[in-house]
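Coordinate analysis (summary)
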2 protein chains.
Amino acid sequence: MATATDDVDVLIIGAGPAGLTTANSFNGSRLRVRLIDIKAAPLQVGRADGLKSISMEVLDSFGIGDTILKDAQPCEEIVLWNPDPKRDGVISRTMTIPDRVEELGKAREVTLDQGQIERVMVENLYKHGSVRVSWNTQPVALHTDLSRIDDPEAYPSTLTVQNTETGIRETIRAKYVVGGDGAHSWLRKYLKIGFSGDLTDSTWGVMNLVPKTNFPDIRKVFVVHSKVGTVMGVPRENKLVRLYISMDGGTRHTSIKAQNIAPEEILEAAQAILAPYTLEASRIPWSSAYNVGQRVADEFARYDRIFLAGDAVHTHSPKAGQGMNTSIQDGYNIGWKLRYVLEQKADRGLLSTYQSERRPVAQALIDFDKAYLEYFARKDITHDEFLDAYLAGQAFTTGIHIQYPPSLLVRPVSTKSQPRAVKLAPGKRLPDFQMVNQSDAVPIQAYHRFTSHGRFRLLVFPGDLSQGVTFSRYIQLGEWLASSLAPSSGLEIITIHAAKRGYVELLDLHPVFRPWSDEEGWDYWCVYADDESYHKGHGRVYERLGISKEEGLLVLLRPDGYISLTCGFEKAGSLVDFFKELKPKSRTRPGATGGGRQSNL
Amino acid sequence: MATATDDVDVLIIGAGPAGLTTANSFNGSRLRVRLIDIKAAPLQVGRADGLKSISMEVLDSFGIGDTILKDAQPCEEIVLWNPDPKRDGVISRTMTIPDRVEELGKAREVTLDQGQIERVMVENLYKHGSVRVSWNTQPVALHTDLSRIDDPEAYPSTLTVQNTETGIRETIRAKYVVGGDGAHSWLRKYLKIGFSGDLTDSTWGVMNLVPKTNFPDIRKVFVVHSKVGTVMGVPRENKLVRLYISMDGGTRHTSIKAQNIAPEEILEAAQAILAPYTLEASRIPWSSAYNVGQRVADEFARYDRIFLAGDAVHTHSPKAGQGMNTSIQDGYNIGWKLRYVLEQKADRGLLSTYQSERRPVAQALIDFDKAYLEYFARKDITHDEFLDAYLAGQAFTTGIHIQYPPSLLVRPVSTKSQPRAVKLAPGKRLPDFQMVNQSDAVPIQAYHRFTSHGRFRLLVFPGDLSQGVTFSRYIQLGEWLASSLAPSSGLEIITIHAAKRGYVELLDLHPVFRPWSDEEGWDYWCVYADDESYHKGHGRVYERLGISKEEGLLVLLRPDGYISLTCGFEKAGSLVDFFKELKPKSRTRPGATGGGRQSNL
Ligand SMILES: Cc1cc2nc3c(=O)[nH]c(=O)nc-3n(C[C@H](O)[C@H](O)[C@H](O)COP(=O)(O)OP(=O)(O)OC[C@H]3O[C@@H](n4cnc5c(N)ncnc54)[C@H](O)[C@@H]3O)c2cc1C
Ligand SMILES: Cc1cc2nc3c(=O)[nH]c(=O)nc-3n(C[C@H](O)[C@H](O)[C@H](O)COP(=O)(O)OP(=O)(O)OC[C@H]3O[C@@H](n4cnc5c(N)ncnc54)[C@H](O)[C@@H]3O)c2cc1C
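So, how was this worked out
- Residues numbered from 1 in each chain as written.
- Chains lettered and ligands numbered in written order.
- Predicted model: local features only at pLDDT ≥ 70, side-chain atom pairs only at ≥ 80, totals over all residues.
- Heavy atoms only, no water.
- Domains from an automatic or database assignment.
- Contact = heavy atoms within 4.5 Å.
- Buried area = accessible area lost by both parts, 1.4 Å probe.
- Salt bridge = Lys/Arg side-chain N within 4 Å of Asp/Glu carboxyl O.
- Pairing = 2+ DSSP bridges.
- Helix = DSSP H or I, 4+ residues; strand = E, 2+ residues; numbered from the N terminus.
- Axes fitted to C-alpha atoms, helices over the stretch in contact; angles between N-to-C directions.
- Near = heavy atom within 4 Å.
- Polar contact = N/O pair within 3.5 Å; in protein donor to acceptor, adjacent residues only side chain to side chain.
- Areas by Shrake-Rupley, 256 points an atom, 1.4 Å probe, with all protein chains shown as cover.
- Nonpolar A, V, L, I, M, F, W, Y, C, P; charged D, E, K, R; others polar.
- Least-squares fit on C-alpha atoms with pLDDT ≥ 70 in both.
- Parallel < 35°, antiparallel > 145°, perpendicular 65-115°, else oblique.
- Left-handed = near helix turned anticlockwise from the far one by under 90°.
- Expected span 1.5 Å × (residues − 1).
- Buried < 20%, exposed > 50% of the residue type's maximum accessible area, 1.4 Å probe, protein only.
- pLDDT = per-residue confidence, 0-100.

Residue and element names in this part refer to chain A. On domain assignment, one finds that chain A holds domain 1 (5-70 + 113-194 + 298-355), domain 2 (73-111 + 196-297) and domain 3 (422-582). Using only C-alpha atoms to locate each centre, domain 1 and domain 3 end up separated by 31 Å. Between domain 1 and domain 3, the residue contacts involve 20 residues of the former and 19 residues of the latter. Between domain 1 and domain 3 the total buried area reaches about 1600 Å² when both faces are included, carbon and sulfur atoms providing 50% of it. On the domain 1 side of the contact with domain 3, E57, W336 and Y340 bury the most area, a combined 36% of that side's loss. At the surface where domain 1 touches domain 3, the tally comes to one salt bridge.

Moving on, we come to the sheet that holds strand β7 (residues 109-111) of chain B. Residues and elements named next belong to chain B. The strand order β3-β7-β4 describes an open sheet built from three strands, whose pairing is antiparallel. Each having just a single partner strand, β3 (50-52) and β4 (73-75) make up the two edges of the open sheet. Going across the sheet, the axis of each strand differs from the next one's by a mean of 30°, ignoring polarity. Strands in contact with helix α2 (residues 53-61) are β3 and β7; relative to β3, the strand with the most contacts, it is inclined by about 80°.

All names here are of chain B. Close to ligand 2 lie 32 residues; A18, D37, R242, Y244 and D311 are nearest. Within the backbone of A18, an N or O atom sits 2.8 Å from an oxygen atom of ligand 2. The contact in question runs from an oxygen atom of ligand 2 to an N or O atom on the side chain of R242, over 2.6 Å. Computed on the free molecule, ligand 2 has an accessible area of 980 Å², of which 86% lies beneath the protein chains in the complex. Of all elements in the fold, only α1 (17-24), β9 (137-144), β15 (241-246), β16 (279-297) and α7 (323-344) reach the threshold of two or more residues within the shell around ligand 2. Per-class residue counts for the shell around ligand 2 are 13 nonpolar, 13 polar and six charged. Viewed by domain, the shell around ligand 2 spans two of them, domain 1 (5-70 + 113-194 + 298-355) and domain 2 (73-111 + 196-297), each represented by three or more residues.

What follows deals with the relation of the copies chain A and chain B. Least-squares fitting of chain A to chain B yields an RMSD of 0.0 Å, with the transformation described by 0.0 Å of translation along the axis and a rotation of 180°. In symmetry terms, the pair is related by a two-fold rotation axis. Looking at chain A, 100% of its interface residues are interface residues in chain B too, so the copies touch through the same face.

The subject of this paragraph is the sheet that holds strand β20 (residues 434-437) of chain A. Residue and element names in this part refer to chain A. Pairing is mixed in the open sheet, where seven strands are placed in the order β21-β20-β26-β23-β22-β27-β28. Of all strands in the sheet, those with a lone pairing partner are β21 (443-445) and β28 (563-567), marking the two edges. With direction set aside, neighbouring strand axes in the sheet form an average angle of 30°. By the bridge criterion, two bridges tie β20 to strand β26 (residues 527-529) in an arrangement that is antiparallel. If you follow N437 over to β26, its bridge partner there is Y528. Helix-sheet contacts for helix α13 (residues 573-582) involve β22 (457-461), β27 (553-557) and β28, and the interaxial angle to β28 is about 155°.

Residues and elements named next belong to chain A. The N-to-C vectors of helix α1 (residues 17-24) and helix α4 (residues 114-128) enclose an angle of 25°; their axes lie 10 Å apart at closest approach. Between α1 and α4, the interaxial angle falls into the category roughly parallel. Note on packing geometry: the crossing formed by α1 with α4 is left-handed. Side by side, α1 and α4 meet where P17, L20, T21, A23 and N24 of the first sit next to Q114, E118, M121, V122, N124 and L125 of the second. Class assignment of the residues belonging to the contact of α1 with α4 gives a composition of six nonpolar, four polar and one charged.

Moving on, we get to helix α7 (residues 323-344) of chain A. All names here are of chain A. Taking 1.5 Å per residue, 22 residues should reach 32 Å; α7 reaches 32 Å between its end C-alpha atoms and fits that length. Taking burial as the measure, the 22 residues of α7 include 19 buried ones, the bulk of the element. With its phi angle positive at about 50°, K345 sits one or two positions after the end of α7.

All names here are of chain A. Across chain A, pLDDT averages 90, with 93% of residues at or above 70. Taken together, the stretch residues 588-601 has pLDDT below 50 and engages in 26 contacts with residues farther than four places along the chain or on a different chain. Interface predicted TM-score (ipTM) for the complex: 0.92; the corresponding pTM is 0.93.

Moving on: the pattern of salt bridges. Tallying each qualifying case throughout the model produces 68 salt bridges over all chains. Here R302 of chain A makes a salt bridge to E299 of chain A, at a shortest N to O gap of 2.8 Å. The exposure class assigned to R302 of chain A is buried, which follows from its relative accessible area of 14%. Taking relative accessible area as the criterion, E299 of chain A reaches 24% and is therefore assigned partly exposed. When the shortest N-O distance is used, the salt bridge between D6 of chain B and R132 of chain B registers 3.4 Å. Placement of D6 of chain B in strand β1 (residues 2-13) and of R132 of chain B in strand β8 (residues 131-134) is noted, with a sequence separation of 126 residues between them. On the basis of relative accessible area, D6 of chain B is assigned to the buried category, the value being 7%. Because the salt bridges share partners, they merge into one network encompassing E77, R93, D217 and K220 of chain A together with R501 and E505 of chain B.

And the structure:
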């Protein structure tokens, strides 16, 4: 039946947020990557809409954050409403909370239609041309040759895929497969991976509408608890508002079938909760009702050759706005790791960190979601109880509290070697910050600069370079880097110094910090100052990150913005060890084919 | 010969910056507008590159500022180099000046290839679909029926246009014609409009290159005076640098022909000036040499039916980066006026302000350019002389000092009626500022909000609405506006109050300030606070504009962001007079055809 064959480094199934993020991680790469989706075209409208700042940083690193932001609606304030006992239980505003997390220094969340976000991501794939995208294409069979899985050059998986329009089949041999094929994942089922959790579902209505209302907080994030239920609202682009309503009063084990719920019923439920305020819809461009399942897959990976990401391995309520965001983070995690292993011929062993890093996050999300959902559903919840839950949720959903466990990629800090007062912990994400370009004085956010190119970055914080001692230490580091580390590691080295910019001349610095290229001359985009900008204030990077200007700091950053290790200048040798351990282990000779059979099962 | 005919409200000749700005002024309009250009497609590469912030505000009002900014290079610092007498005349850095004008509160200039800017403007026309664009099309004949020019409904001009590929001709009858057809304007010549000025040209080389150099300020705006000449450099997007070099040492009446100058000669001239620093070009994607002519057309308009804009009516050196910027401002000026006259059936007399406003600006530009060019060309100029000239130029080129003369559209302030301490003068442009949306707390820049829709805006600065007196005065104004002015004037009313946002409830305000629509409910985008934002600081609008929080102020803003009049709340009646005088005069009955012949000649 098969009429064509293709050999690819990576085959991605599913062009939702998880698959598209995985795919965008390969932009600019020369690897062979394919993305297939059963749909005929990118998603048009609906589904999720909230992008946490951590997801915006991912999109920034793909170069499309600005495009998204141009049309998105920032969420700046959250307002809580509760029954007022003094007014016979009529709802009244009990609190306005800034939707802000100090550590982020920017809006925590913006909203935009998932369809539009996906289309921008697809356009970006087309623009770079590194990934081949096939619509109308589904997998029908998969065979993995277990005798080949340890051979880095082998294509152990053979997939048969079928065009849903023509019926024509194709055989694709893949080194790696990523399944981002959603909650009903074909791949998960095919691999018979357990998807355990709460199978009895709670029913929710979701609706986008252009409202006509006298409810005063309609353009904020609002949570209204009334005697008859709870509604949550989120402001959206283009005058839209998104409403979430529990259709079964939050009871579990409900018999209400989501597909039987009409948009009018959702609107009526909202109207009842918001009374005495009025609410009408002049347009309802999208609405949906669904039964929430809270499940996590037993495995996120097989043989470190086949990976599952996004809804394929975790589902939960949309209340905390984590569906799309978590899927993006999954895709971002597996994307760079595959690229790194393939491009740098690194140890395949690092791929096991995908499951060890992402499964606990999914599990924590489900636990959080369960508690959160109950807070939404309960009618007797007090203002204070809800507030506590909300703030806990906020801390969780920003992602700034996630810390990946120690592994090949995350090196715990030995307290001895660690400079004082550092707020940057290995396994945590580097917070975004503003720095000022040494050469042209332009201020830039870190994740705008830290494009997704699949390589590690060494962030050098030398301290105040106008000080002689500091400057010589920095020069010495430069010499050492040039001779030992820089040539082989594929590292990108970025300096963020703490002197006034005017005291530093780029060309006085060691060339390793401003690399020369015969094509383009000196690189003017590797040295930055933690200094006042002309129009956008001062990033205060050293202060915010807790870095001493006297001692300085080295931060080894993974391609996904998570910190591998931090160390003082005198411990720079640990960088060499780090990269040594990423080299393939002797069990397979690099480049050898048909190496010894050693299944990870 | 003519094979087709078309009737249009406005025919625009030339899709350069002037014509494209005029055309974009009609986005969202239902008027019939056509844009023709002799080129086969939008400009691909080269020519101008500097966008002053005043031009960025125009692009913001078209909704494309962000798209431009995403790829543009901000210019933050200017560096001057001069011969060092102590070092035998070797060039040395004599000064670093922030490229900043306090009043702007943002980068004064960004650079991006003119081709890319034009393509974004063309895409925006396609997106809105309000203007029909015809490439490969040039005018070959024009006839204007002088007996019809005073009839607002007439199409007095008949143009024959020809497709340059097929040779097919078409007859277009137009109410109005705008010629943005460049320095060699067909329309200007056809109308035999004098183009007087300095006809003996000075020769300049211009070049875009990716440099390989050890010159330390290559990513800043730099002006290097050496013993052998002057070079000016401007940082550009994509690692490019733009260089300007006088090829004749600044002598006028030169015999050097621009077309004989090869790129190598331009590069060699730059190398000689920058020595002992080295400069090589790894790529030269574009370069050009030309003879500067400094000319202003005698007339910018005929019969208030035919208008000329941009290079068609003024040419000068590119040194001050004013070619594209002035053309954009011309187009923005005539664009809204035509739209206003046509859509609001206003007095055609206001069209005469196009020439009275823009010709003096062009004349001042030429005068400035002459002086400026000589400063560049002179070899004996001192650092201080040059600095003075540069700063004078900076003030001029930002446009913030331009003040249009009194007219139907600009009403001088009688000192009696004017509240104290106002920095806003009629005829001047409203400076951009940040305000915070009352309803969703999102901070926004004024010109992002003030989209180009061809209608006047009334900016209401009521003061601190948490004060009872202030609040009642504002309510009263609302009642008056609702009954007298708002319904007929097509005004958009924007409030910027000075209370803490939390003290104000949108729905407590008079509905005229937050209009109701049966389609979309209340309008949440008309009331703003001059308040702290969560992530972007405080706009300090009242302070910056010199508005008293006690007295408040009304500012009537033209669609192009220039101020028509300002008055205190007690003088709001002057608004009624203003709009009364924009009504057509009795000499032609509105809507009448074939009205009395009354040429403006
Ligand atoms: C009705 C609805 C409303 C939602 N509302 C919210 C919300 O308000 N907030 C929130 O955070 N989340 C919400 N979600 C969840 C959110 O949309 C998901 O969490 C998110 O899309 C998951 O991303 P993903 O890439 O893992 O999977 P998906 O987005 O589901 O993408 C899977 C992709 O795989 C493709 N695919 C599936 N099977 C195959 C196959 N066999 N072969 C090839 N391709 C295949 C699909 O066509 C799809 O493009 C909602 C989901 C739904 C269904
Ligand atoms: C080589 C060069 C370098 C320059 N460098 C700079 C610089 O560095 N800085 C700077 O500020 N300015 C520079 N300029 C000037 C700047 O490009 C112009 O000031 C600006 O483009 C003027 O805009 P415009 O719309 O008035 O005219 P143009 O941009 O010239 O546009 C005129 C349009 O009309 C079309 N057209 C012409 N004749 C006809 C016809 N008969 N029928 C139909 N269409 C017609 C043309 O195809 C063109 O699209 C440069 C110009 C040139 C030529």
